[in-house]
Amino acid sequence: MTQEHAALLARTSRSWIGGKEWSQCDADIAHLNPANGQSLGASQCLGAEGVDAAVSSARRAFQGEWGRQTTGWRTARLLAFADLIARNVDDLALLESLEVGRPLADARALVAQAPEFIRRYARMAEVCQGDVTAAQPRLLTFSWRRPRGVVAAIVPWNFPVMAAIVRIAPALAAGNTVVLKPSENAPRAPRLLASLATEAGLPDGVFNVTLGDGATTGRLLAQHPDVDLVSFTGSTASGLAVSRSAVSVRAKPVILECGGKSPQIMLDDAFDDPAVWQGVFFSAFWNTGQWCAARTRLLVPKSRLAEAVDGLEKAAASWPLGDPLAPTTRLGPLVNATQRERVLDYFEVARGEGRLQELGCPSDKLDPAGQFVRPALVIEPSRGGRITREEVFGPLLTVETFTGVDDALAQANASDYGLMASVWTSRSADAYRLARDLEVGCVAVYSSAEAAFSSLQDFVNSYLEPQKRSGHGVDGGLPGLLAYTTAQSVSLFN
Ligand code: NAD
């Protein structure tokens, strides 16, 4: 590790509360670089005192300038925050890459989306007003949208910056204050965001970051009686635990964006384009399969199975696996040893339920202390088995076969999750039929491989509600902003 990297890690290892670093420390969490096993130092794990201080600081800020000023005043500060993030993309991306193992180029591309996300919400807040519902000679009634107050945002490690931004941008734009708890696996980039917010002129306490694990810090934050809304992204199991904590002391709304086991259905016309396999590979294996919307179930017509396996084998040749900081790397390691063990256990399940075939991603000089796992296919797994139903969160793609569109739909919907699905076809009637009947919050229809690569940006513009065990509550767009407000009705009687 270079001295520069060590200094950046050291200055982002403590919580940010009330516009400054929180120096008291209840416990430490040690971090290892997933690419080579080297120490990345330790970060703080806050207990009750720190969590209380963060929530109180957010409450004071909400009752102070932030809550009382005009939307335009807040917008100006959020735009300055966005500009400062844009100037610090390199540091934020480096922290993501070191802690999570994401290839640096991918980390930069992702973090670079953050400023526009904030700007979009800051501008949108200006039109988030309300409705006049009665205007009579002796009665004026209007319902207006007010900020909720203190928002607790609890986020995962796989998108340390963007998962935080997706929660905090609409919350702050709507006039709330925020206490963010990043994942214990990747706390530093979100922590850097908070000090940038202070530097950009957000008043102290508007955006706090409490570092720590889920069982202690996350639980304390979710159940805190002075938190008005909990906005969570992470696994379904943790989401359910967060929901229980959130209502344990005082009922409060919870937004849950949880796990997925998402299908991609390839209709026969999609096989005409040889480039399609790059798009299919990307949809399943980008970020080494560690993203909620990874489409890790490929459904193809029975007669095209061999072509699909061959196409993915060929695509793998242009996805080098290795050191995330090397410019040619497109796939990094898994986030830590626990995650690697979990994924390898699923490889065993896959062997029992189908034919496991490793893909030939180039991989020179893999560090033996790194958490690397080579991408693999599970060919024709048994229907309804664990490997087609459970979220692996790693580089494992099932290749399942169907006999017609109805059969494809039935198999895709035979899932406990309902986050996302994609459909590969240029036939609009089939695309519409599938989109209408797929039980998911988001459907992407691709008519080319290129379209699949650009789909990462869609979340900034669209909104969705996950179905089944993938969560509840709306994310994205204007509805995603309104979710951080509460409606109040006022009647003026004369
Ligand atoms: P996780 O559920 O282990 O942790 C998520 C966050 O919740 C972390 O900050 C963690 O510390 C906290 N947490 C855990 N238990 C808690 C508890 N009892 N009380 C309060 N907080 C608690 O998830 P992860 O491993 O960090 O991330 C991977 C998961 O996130 C996958 O399931 C993935 O599908 C999901 N995810 C979903 C989306 C989406 O938008 N739907 C996006 C990214 C990731």
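Residues numbered from 1 in each chain as written. Predicted model: local features only at pLDDT ≥ 70, side-chain atom pairs only at ≥ 80, totals over all residues. Heavy atoms only, no water.

**Q** How should the overall build of the protein be read in this particular structure?
**A** Within the protein, the regular secondary structure consists of 20 helices and 22 strands. Relative to the globule expectation of 23 Å for 494 residues, the C-alpha radius of gyration of the protein, 23 Å, shows essentially globular dimensions. Over its C-alpha atoms, taken along the principal directions, the protein stretches across nearly 75 × 65 × 40 Å. In the protein, which comprises 494 residues, the share counted as buried stands at 58%. Across the protein, contacts joining residues at least 24 apart in sequence account for 75% of those joining residues at least 6 apart. Computed over 47 positive and 52 negative side-chain charges, the separation of the two mean positions in the protein equals 5 Å. (Helix = DSSP H or I, 4+ residues; strand = E, 2+ residues; numbered from the N terminus. Rg over C-alpha atoms; globule rule 2.2 N^0.38 Å. Buried < 20%, exposed > 50% of the residue type's maximum accessible area, 1.4 Å probe, protein only. Contact = heavy atoms within 4.5 Å. Lys, Arg positive; Asp, Glu negative; His and termini not counted. Charge placed at Lys NZ, Arg CZ, Asp CG, Glu CD.)

**Q** Would you take a moment to explain the site of the ligand for this structure?
**A** Surrounding the ligand, one finds 27 residues, the nearest of these being E184, S235, S238, C258 and E391. For the ligand, an oxygen atom lies 2.7 Å from a polar atom in the backbone of V155. S235 has a polar side-chain atom sitting 2.6 Å from an oxygen atom of the ligand. Here the ligand has 850 Å² of accessible area as a free molecule, and 86% of this is covered by the chains. Put simply, the parts of the chain that give the shell around the ligand at least two residues each are α10 (214-223), β10 (229-233) and α11 (236-246). A class-by-class count of the residues in the shell around the ligand yields 12 nonpolar, 9 polar and 6 charged. (Near = heavy atom within 4 Å. Polar contact = N/O pair within 3.5 Å; in protein donor to acceptor, adjacent residues only side chain to side chain. Areas by Shrake-Rupley, 256 points an atom, 1.4 Å probe, with all protein chains shown as cover. Nonpolar A, V, L, I, M, F, W, Y, C, P; charged D, E, K, R; others polar.)

**Q** Can you walk me through the pattern of salt bridges in this structure?
**A** Pairing between side chains of opposite charge can happen when the charged atoms of each approach one another. Counted by the stated rule, this structure contains 28 salt bridges. Across the pair R119 and D83 runs a salt bridge, and its minimum N-O distance is 3.0 Å. Remark: D83 occurs in helix α4 (residues 71-87) and R119 occurs in helix α7 (residues 114-124); sequence separation between them is 36 residues. For D83, a relative accessible area of 36% translates into the label partly exposed. Linking D268 and R427 is a salt bridge whose minimum nitrogen-to-oxygen distance equals 3.0 Å. (Salt bridge = Lys/Arg side-chain N within 4 Å of Asp/Glu carboxyl O.)

**Q** Could you clarify how one ought to interpret the sheet that holds strand β6 (residues 139-147) in this entry?
**A** Through backbone hydrogen bonds, the strands of a sheet pair up, either in parallel or in antiparallel fashion. Reading across the sheet, the 3 strands line up as β5-β6-β22 and stay open at both edges, with antiparallel pairing between neighbours. Either end of the sheet is taken by a strand with one partner, and the two such strands are β5 (130-136) and β22 (485-493). Mean inter-strand twist for the sheet, computed between neighbouring axes without regard to direction, equals 15°. Relative to β22, β6 is paired through 9 bridges, and the arrangement is antiparallel. Residue pairing across strands places S143 opposite S489, the latter belonging to β22. (Pairing = 2+ DSSP bridges. Axes fitted to C-alpha atoms, helices over the stretch in contact; angles between N-to-C directions.)

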